[in-house]
Amino acid sequence: DIKRAYNFNAGPSALPLSVLEKAQQELIDFRGTGMSIMELSHRSAAYEEVHNQAIAHLKDLMSIPDNYEVLFLQGGASLQFSMIPMNFLGEGKKAGYVMTGSWSEKAFAEAKLFGEVSQAASSKEGKYRRIPRLAEIQFQGDEAYLHLTSNNTIYGTQWKEFPATGNVPLIADMSSDILSKPVDVSKFSMIYAGAQKNLGPSGVTVVIVRKEFLEKANSNIPTMLKYSTHAKNNSLYNTPPTFGIYMLGEVLGWVQEIGGLEEVVRRNEEKAKVIYDAIDNSNGFYIGHAENDSRSLMNITFNLKSEELEKAFLVQAKQEGFIGVNGHRSIGGCRASTYNAVPYESCKAFSEFMEQFQKQNG
Ligand code: PMP
């Protein structure tokens, strides 16, 4: 019997076991083609079916309206930080960014290279412990777009409710919480996400963009960096990351099988609760980083009273088989990432480990 790890990696992260098993089974002979999916032409009918089905599954699962394009790009979410302002900013245009963590900062820094940008709100002062209240968000109404990060992978905060921006197009980096709960896509002009948390392996970036918004994009930019190039060609302008898209399609199939996003969010809430409870019931032994109403269901961040104790906790966690629970290298501390494919059993086992460690060291 294969022993699967208690995988709390922040991304790339756990994938559903059934998807891995199916991929393994199909690896050498993909559906009677006599070759693996990686060896198929991206222009073949067999690949195109995989590609189109992945798009259809995502549209279905997220209830994406017909006036949106679903694109599969490369370069990670990080390239989106540049592509967005390249396509939608420029001389005389400005954009607002809501600052909720390191990834917002990176997105903001890229946009600065292309146009006028301002911070619509920021929670940096409080070490990004919270999501700004909707009333704190300031914009003028003539911005080319407003950008936010729906889940802050490093600080462990998550938006519960999104701002109504009127005529200003709203863009969200959903890299670390896409597909973790139902979301009203029609509120956004664009959503993007690197696949390597909830969607599949790294190498694919999903972009969901409203067609009318695309029409406003700049045309004097490199072909590969134009959204319209990929939209016009069904993300087959050049060779797409075929294996990653295949895996993404299988992960979407798994989400459908288990009951769609309603069931996914129910599971995610249950999983996060068992770990947050261990923090909240610890009499201050564990100190949650995020303010309660900003807590993420995907990345649970916490500290222990001293660096020494934290170090001991992380060493022992690793010994007990809990992988990836060290905080991001930029801020330290502890972090358990409980993405869609992390089973409840892993979360329960980790919370029991936390209780046990406290008993021994409290
Ligand atoms: N945005 C967020 C919220 C992220 O968590 C990450 C990666 N962890 C990125 C952007 C960068 O993604 P990539 O590595 O795919 O460029």
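Residues numbered from 1 in each chain as written. Predicted model: local features only at pLDDT ≥ 70, side-chain atom pairs only at ≥ 80, totals over all residues.

### Section: the UniProt feature "domain: Aminotransferase class V" (unreviewed entry) in the chain
Under the UniProt annotation, "domain: Aminotransferase class V" (unreviewed entry) lies at residues 6-343. End-to-end, the C-alpha atoms of residues 6-343 are 9 Å apart, and along that stretch the chain is 33% helix and 18% strand. (UniProt positions renumbered as here; feature names shortened; annotations may be inferred. Helix = DSSP H or I, 4+ residues; strand = E, 2+ residues; numbered from the N terminus.)

### Observations concerning helix α3 (residues 76-88)
If you check α3, its first and last C-alpha atoms are 19 Å apart, about what 13 residues at 1.5 Å a residue would give, namely 18 Å. The largest bend along α3 measures about 25° and falls at S82, with the proline P85 one to four residues further on. G90 lies just past α3 and shows a positive phi near 145°. (Expected span 1.5 Å × (residues − 1). Bend = angle between axes of the 7 residues up to and from the residue.)

### Observations regarding the site of the ligand
With respect to spatial proximity, the complete set of residues near the ligand consists of G11, G76, A77, S78, W103, T149, T153, D173, S175, S176 and G194. No other element matches α3, which puts three residues into the shell around the ligand. Of the residues contributing to the shell around the ligand, the split by class is two nonpolar, eight polar and one charged. (Near = placed C-beta within 6 Å. Nonpolar A, V, L, I, M, F, W, Y, C, P; charged D, E, K, R; others polar.)

### Let's talk about the UniProt feature "modified residue: N6-(pyridoxal phosphate)lysine" (unreviewed entry) in the chain
Here, the residues flagged by UniProt with the feature "modified residue: N6-(pyridoxal phosphate)lysine" (unreviewed entry) are K197. Setting aside chain neighbours within four positions, we find K197 in contact with G11, S13, S175, S176 and Y339. (Contact = placed C-beta atoms within 7 Å.)

### A word on the sheet that holds strand β9 (residues 190-194)
Reading across the sheet, the seven strands line up as β2-β10-β9-β8-β5-β3-β4 and stay open at both edges, with mixed pairing between neighbours. Sheet topology places β2 (68-73) and β4 (116-122) at the edges, where each strand pairs with a single neighbour. Each strand axis lies, on average, 20° off the axis of its neighbour in the sheet, ignoring direction. Bridging between strand β5 (residues 145-149) and strand β8 (residues 170-173) involves four bridges; their strand directions are parallel. Across the sheet, H147 pairs through a bridge with I171, a residue of β8. Packing against the sheet, α3 makes contact with β3 (94-99), β5, β8, β9 and β10 (205-210), and its axis sits at approximately 155° to β9. (Pairing = 2+ DSSP bridges. Axes fitted to C-alpha atoms, helices over the stretch in contact; angles between N-to-C directions.)

### Some words on the domain arrangement of the chain
Examined at the domain level, the chain breaks down into domain 1 (17-257) and domain 2 (260-361). Spacing between the C-alpha centres of domain 1 and domain 2 amounts to 27 Å. Opposite the 23 residues of domain 1 that make contact, domain 2 presents 23 residues. At the level of elements, β6 (151-152), β7 (157-158) and α7 (242-258) are the ones that each hand at least two residues to the side of domain 1 that touches domain 2. (Domains from an automatic or database assignment.)

### Side note on the sheet that holds strand β14 (residues 334-337)
An order of β11-β12-β14 is seen for the three strands of this open sheet, with the pairing classed as antiparallel. Single-partner strands in this sheet number two, and they are β11 (286-288) and β14. Shown here is a sheet whose adjacent strand axes are inclined to one another by a mean of 35°, direction ignored. Pairing of strand β12 (residues 299-304) with β14 involves four bridges; the strand directions are antiparallel. When the sheet's bridge partners are listed, N299 is paired in β14 with S337. The sheet strands contacting helix α8 (residues 260-280) are β11, β12 and β14, and the helix crosses β12 at an angle near 15°.

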